[in-house]
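Structural overview
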Amino acid sequence: QKSINSQLNNMIKKIAKMYPQYGFIFALRSGCEKDQIKGNILITNRDIYSLLQYANLHISVYSTFILETLFCGIPNILFNVQSLSQDFYQKILKSSNSVLYANSIKEIEDCINEWPFDEKNIIKTQYNYLFHDNNQDALNQFVNTVIKS
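A brief report on the enclosed structure follows.

Concerning unusual backbone geometry
In this model, Q82 sits at a positive phi of 50°, which is unusual for a non-glycine residue. With respect to the secondary-structure elements, Q82 resides in the loop between strand 5 (76–79) and helix 4 (84–89). The exposure class assigned to Q82 is exposed, which follows from its relative accessible area of 55%. In this structure, W115 takes a positive phi of about 40° despite not being glycine. Relative to the assigned elements, W115 resides in the loop between helix 5 (105–114) and helix 6 (120–126).

Below you can see the structure in the form of structure tokens.
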């Protein structure tokens, strides 16, 4: 999320400092830097899907990875920098106990402290409308209808 990298970086540093008992993964999507550990923050270019198994919460601004975390039952705090989170997701992701929009670091802190999030199975069920069943059939239909025509 290069357009808001500075704000995202500052937010992660501040939140990580507030919660030294938790580990934070700052997953970058570019560059070839080696993993770095700064306090309780792992800065990495590793595949984010391999890291998902370690996550209890996902904080982002407008990454499409938000949708994938919901599929896995992981709650999200959407840091609404420059209204980007709501601009990108408001129509499909209503604020709930699985997706919370935060306009400030204080609101993120409040969410973490209150931990209003639903259990994984509830999150998966609540957001299953985002994912198509029978993907093999849908993919075959797409290939036959769109690509082969």
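The structure having been displayed, the exposition proceeds.
What about a nonpolar patch on the surface?
A grouping of L139, F142, V146 and I147 is seen on the molecular surface, where their side chains present a nonpolar patch of about 380 Å² in accessible area. Topologically, L139 is positioned in helix 7 (residues 135–147). Residue L139 is classed as partly exposed on the basis of its relative accessible area, which comes to 47%.

Focus on the pattern of salt bridges
In total, this model carries two salt bridges according to the counting rule given. Two residues, D35 and R46, come together in a salt bridge whose shortest N-O distance is 2.6 Å. You can see D35 sitting in the loop between strand 1 (24–27) and strand 2 (36–38) and its partner R46 sitting in the loop between strand 3 (41–44) and helix 2 (48–51), a full eleven residues away along the chain. Residue classification places D35 among the partly exposed positions, given a relative accessible area of 32%. The partly exposed category is assigned to R46, whose relative accessible area is 46%. We note a salt bridge from D110 to K106, for which the minimum N-O separation is 2.8 Å. Of this pair, D110 and K106 both sit in helix 5, four residues apart, which is roughly one turn of that helix.

About the criteria used
- All chains use their own residue numbering, which begins from 1 and follows the written sequence.
- Thresholds applied to this predicted model are a pLDDT of at least 70 for local features of residues and 80 or more for the giving and counting of side-chain atom pairs; totals over whole chains, interfaces and linings are not thresholded and use all residues.
- Note that water and hydrogens are dropped before the side-chain values are worked out from all heavy atoms of the structure.
- Helix numbering and strand numbering both begin at the N terminus, where a helix is a DSSP run of H or I of at least 4 residues and a strand a DSSP run of E of at least 2.
- The buried label applies to any residue whose accessible area, calculated with a 1.4 Å probe on protein chains only, is under 20% of its type's maximum; exposed applies above 50%, and partly exposed to all values in between.
- Patch criteria: residues need more than 30% relative accessible area and no salt bridge. Like-charged residues are merged within 9 Å; nonpolar side chains of Val, Leu, Ile, Met, Phe, Trp and Tyr are merged within 5 Å.
- For accessible areas, the Shrake-Rupley method is used with a probe of radius 1.4 Å. Any residue's cover is judged against the shown protein chains and nothing else.
- Each reported salt bridge corresponds to a side-chain nitrogen of Lys or Arg within 4 Å of a carboxyl oxygen of Asp or Glu.

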